[in-house]
Amino acid sequence: MDTILYLFFTAAYIGLFIWGLIGIKKKDVFKWTSFVYLIILALIYDNGIIGIGRWIGEGDLLETLNLLRFWTHAFLTPLLVLFAVGTLKESGIAWAQKKWLTISAIIYTLILIGIEIWLEASQLTLKAEEEYGVLRYVSTEEASGPPIMILLVTLVLIVTSAILWKKTKWPVFFIGAIIMTIGSAVPINVESGAVTNAFELFLLFTLIWTKRRLIKDKLQSK
């Protein structure tokens, strides 16, 4: 069942990526909110490698491909911070244009990347694991809780999306951040290791929808 789910998520992210690029203007490509495209590419890779792992088979190739999953996660997931702050900038919120916020967001993002590399990626040793029909390589260390980087990224997503909602009357980003947070925190008693990824997919759907509103100049501070 999980193989089908991971392949479905891969296809869904490809669809989101294409939808997100439809009608994009040149001036919108180099804005902070466009970091969402890199994050989606990472998720296409992540879900795709897990989905086809059983056909690649256990060995050095699959281990290397899975190792890249962890490193892309370390470098690209913190870019959600820049996307989130970018929504405030691009929606025309006056104080969001300040230089201090730009510098703070960049430094915060770099710190998160450093934390994830230091605490997770650089210490990583992998082992093969087959669960619910899926073969992948996972960390040999048992997770003691949500990674610090994810918690700090989530905090920024919730705060910025709440501000965006208040200033623009657009609640979609906030709803996505809250649902993902709840979905990640509440245990779901199902025979699957993939089903909880649906909450992540929903979040990215709300981010792309928000990006499209910005592309069409329909998300401005009131």
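Residues numbered from 1 in each chain as written. Predicted model: local features only at pLDDT ≥ 70, side-chain atom pairs only at ≥ 80, totals over all residues. Heavy atoms only, no water.

Visitor: Any chance you could explain the overall build of the protein chain here in plain terms?
Guide: Each helix and strand in the protein chain was counted, giving 9 helices and 2 strands. If you list the helices and strands of the protein chain from N to C, you get α-α-α-α-α-α-β-β-α-α-α. Here the C-alpha radius of gyration of the protein chain, 18 Å, is about what a compact globule of 222 residues would show, namely 17 Å. Taking the principal axes of its C-alpha atoms as reference, the protein chain extends roughly 55 × 35 × 35 Å. Excluding contacts between residues fewer than 6 apart, the proportion of contacts in the protein chain whose partners are at least 24 apart in sequence is 77%. Between the mean site of the 20 positive side-chain charges and the mean site of the 17 negative ones, the protein chain shows a separation of 24 Å. (Helix = DSSP H or I, 4+ residues; strand = E, 2+ residues; numbered from the N terminus. Rg over C-alpha atoms; globule rule 2.2 N^0.38 Å. Contact = heavy atoms within 4.5 Å. Lys, Arg positive; Asp, Glu negative; His and termini not counted. Charge placed at Lys NZ, Arg CZ, Asp CG, Glu CD.)

Visitor: Just checking my understanding: could you explain the packing of aromatic side chains for this structure?
Guide: Evaluated as defined, the whole model comprises 9 aromatic pairs. Pairing Trp 19 with Phe 205 gives two aromatic rings, centres 5.8 Å apart and planes at 15 degrees, and the pair type is stacked. In this pair, Trp 19 sits in helix 1 (residues 2-21) while Phe 205 sits in helix 9 (residues 197-215), placing the two residues 186 residues apart along the sequence. Taking the relative accessible area as the measure of exposure, Phe 205 reaches 33% and is therefore partly exposed. The interplanar angle of 40 degrees and the centroid separation of 5.3 Å between the aromatic rings of Trp 165 and Phe 174 together place this pair among those described as tilted. Note on Trp 165: relative accessible area 39%, which makes it partly exposed. An aromatic cluster is defined as three or more aromatic residues linked by ring pairs; in this entry it consists of Trp 19, Trp 170, Phe 202, Phe 205 and Trp 209. A cation over a ring is seen here: Arg 54 above Trp 55, with NZ or CZ 5.6 Å from the ring centre. For the cation-ring pair, Arg 69 lies above Phe 70, with the distance from its terminal atom to the ring centre recorded as 5.2 Å. (Phe/Tyr/Trp six-rings, centres within 6.5 Å; stacked < 30°, edge-to-face > 60°. Buried < 20%, exposed > 50% of the residue type's maximum accessible area, 1.4 Å probe, protein only. Lys NZ or Arg CZ within 6 Å of the ring centre and 35° of its normal.)

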